[in-house]
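# Structural overview for review
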There are 2 protein chains.
Amino acid sequence: MAVAPDIQVLAFDVFGTVVDWHGTITREVEVLHTDVNAADFARAWRAGYQPAMARVMSGELGWTRLDDLHRMILNNVLTDFGVQLTEQQCADLNLVWHRLSPWPDVIEGLQLLRKSYTTCTLSNGNLSLLANMAKHSDIPWDLILSAEVFKAYKPHPDAYLGVASVFDVSAENVMLVAAHHDDLEAARNCGLRTAYIERPAEPGSDQPKDVSPVAANDLHCTDFIDLATQLKCLPN
Amino acid sequence: MAVAPDIQVLAFDVFGTVVDWHGTITREVEVLHTDVNAADFARAWRAGYQPAMARVMSGELGWTRLDDLHRMILNNVLTDFGVQLTEQQCADLNLVWHRLSPWPDVIEGLQLLRKSYTTCTLSNGNLSLLANMAKHSDIPWDLILSAEVFKAYKPHPDAYLGVASVFDVSAENVMLVAAHHDDLEAARNCGLRTAYIERPAEPGSDQPKDVSPVAANDLHCTDFIDLATQLKCLPN
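Below is a short write-up of the structure. All values reported here derive from a predicted model rather than from experimental measurement.

## Description of the sheet that holds strand β3 (residues 174-178) of chain A
Residues and elements named next belong to chain A. If you trace the five strands from one edge of the open sheet to the other, you get β2-β1-β3-β4-β5, paired in parallel fashion. Of all the strands in the sheet, just β2 (118-121) and β5 (219-221) have a single pairing partner and so form its edges. Neighbour to neighbour, the strand axes of the sheet diverge by 20 degrees on average, direction disregarded. Across four bridges, the pairing between β3 and strand β4 (residues 193-197) is parallel. Following the sheet pairing, methionine 175 is matched in β4 by arginine 193. Contacts from helix α9 (residues 157-166) reach β1 (9-12), β2 and β3 within the one sheet, and its direction differs from that of β3 by about 135 degrees.

Right, dumping it as structure tokens:
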């Protein structure tokens, strides 16, 4: 394994990297409300994500779980899109983030990777969200880690360095796997190794994103099977 | 389900309840050093557990992961038993807690229980210890929770109440499952429901412990299959 001889832990970003938030949310919103542009609705909900976490990390809000941030954003998006739902419908829709479907390569890729590496999440999603998501789709994590454990949302260094601390290894023994260059850059600034995963349809297949390589990443992969191949985790 | 109509989360104590620390440690010590009473060695190591955590919770020590407490205790036990090991042997033996074997009913019981309940650990073991243990024996947790997440060792209330907080439920929606009445009593004092599991051979089959019922527990179970039966989680 020439690329990463000393990697012990693979830490995975989740939203967009492991699961297809846009596809799942669009499908659920379409069922719930046929008159709304569900693809735009999903994007608007996700667009509120970074600003909401920024309010926590600035100290404007105390520690707030992502479930509660998602609900605050949802209330605004429903107003903006002129959608009226019952309280029960809102509460249930808010939990769509617990039911997001993994990309097709994820389960097989993780099963290959966990034979040689410790695999964990490093997500801003709260612990119960990630646990329910894993149970819903049989995603085989060795450990679920979250910003909730470190009380720090990515890209705060405490989140990235927290993974190394939990596993009692150095930062360079951890590789962050993510579909977002800003997440990877923040991890690299903490001394972690980085692998980029192409997820062109993350924002919706009608608005695919640029998945060009960035040279600073250790690996650039089309999907988790490609990551497993590059890390020499091949099927027996 | 007459007994516990509103239980949503089953939180499991691990050492002694899920895994057989005495049996596994005894076997590894016997292989490593044939002249020592391995059964007594295992009990001496475990006997240092509560006093070591008490030093953390009193503030005498800052937050210290159980791996590091185990190593401090091990050093003393090795001296007391007159056993000399290399540093590498000590480091490897200290990780025996990551390799403890589950009792024979555990995997089947948890697979039944997790069909109807969210299952998690609530252990004083650190996260990597619990993750390695689960991977080693394919223990199917929905979520691994630890004193390390709450920075509070049981029986501190923050550990028990932390489980309810993570899952955004009330304390009475959580049932602690444990083979130790003091752990269950502390959970009950926080409002959790409790289930006792008989593990008579926990301290070694040569020194079986009293497993008499305590009336205050909601359930008294011979093992995890019995727990699943009493909670109406029957095989399909």
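## Comments concerning the interface of chain B and chain A
When the parts of a complex come together, some accessible area is lost, and that lost area is often used as the size of the interface. The partner chain A presents twelve residues to the twelve residues of chain B that form the contact. No other element matches helix α7 (residues 127-137) of chain B, which puts four residues into the side of chain B that touches chain A. Here the residues of the side of chain B that touches chain A sort into seven nonpolar, one polar and four charged.

## Some points on the environment of A:Gly109
Residue and element names in this part refer to chain A. Along the chain, the position of glycine 109 falls in helix α6 (residues 106-113). Residues glycine 109 and leucine 234 lie 125 residues apart in sequence; the distance between their C-alpha atoms is 9.7 Å. Every residue in contact with glycine 109, bar those within four places of it in the chain, is listed here: Asp223, Phe224, Ile225, Leu227 and Ala228.

## Considerations on the pairing of strand β1 (residues 9-12) of chain B
Residue and element names in this part refer to chain B. Both faces of β1 are covered, namely the face carrying Val9 and Ala11 and the face carrying Leu10 and Phe12. Two strands pair when backbone bridges link them, and β1 and strand β2 (residues 118-121) are joined in this way by four bridges, in the parallel orientation. The residue of β2 that forms the bridge with phenylalanine 12 is threonine 121. For β1 and strand β3 (residues 174-178), the ladder comprises four bridges, and the chain directions are parallel. Across the sheet, alanine 11 pairs through a bridge with leucine 176, a residue of β3.

## Brief notes about the nonpolar core
Counting 154 residues, the largest nonpolar core has A:Ile144, A:Val163, A:Leu176, B:Ile144, B:Val163 and B:Leu176 as its most contacted members. Discounting chain neighbours no more than four positions away, the residues touching A:Ile144 are A:Cys120, A:Thr121, A:Leu127, A:Leu130, A:Ala131, A:Ala134, B:Leu143 and B:Ile144.

## Describing the relation of the copies chain B and chain A
The operation relating chain B to chain A is a screw motion whose rotation component is 180 degrees, with 0.0 Å of axial translation and a residual RMSD of 0.0 Å. The relationship between the two copies is best expressed as a two-fold rotation axis. Closest approach to the rotation axis within chain B is made by the C-alpha atom of B:Val149, at a distance of 2.8 Å. A share of 100% of the interface residues of chain B reappears at the interface of chain A, consistent with the copies meeting face to face through the same patch.

## Description of the sheet that holds β2(B)
Residue and element names in this part refer to chain B. Spatial strand order, β2-β1-β3-β4-β5: five strands in an open sheet with parallel pairing. Where the open sheet ends on each side, the last strands, each with one partner, are β2 and β5 (219-221). Sheet twist, expressed as the mean angle between neighbouring strand axes with direction ignored, is 20 degrees. Sheet contacts for helix α9 (residues 157-166): β1, β2 and β3; angle to β3, the most-contacted strand, approximately 135 degrees.

Conventions used here
Residues numbered from 1 in each chain as written. Chains lettered and ligands numbered in written order. Predicted model: local features only at pLDDT ≥ 70, side-chain atom pairs only at ≥ 80, totals over all residues. Pairing = 2+ DSSP bridges. Helix = DSSP H or I, 4+ residues; strand = E, 2+ residues; numbered from the N terminus. Axes fitted to C-alpha atoms, helices over the stretch in contact; angles between N-to-C directions. Contact = placed C-beta atoms within 7 Å. Nonpolar A, V, L, I, M, F, W, Y, C, P; charged D, E, K, R; others polar. Buried ≥ 20, exposed ≤ 12 C-beta atoms within 10 Å, placed from the backbone. Core = buried A, V, L, I, M, F, W, Y, C linked by C-beta atoms within 7 Å. Least-squares fit on C-alpha atoms with pLDDT ≥ 70 in both.

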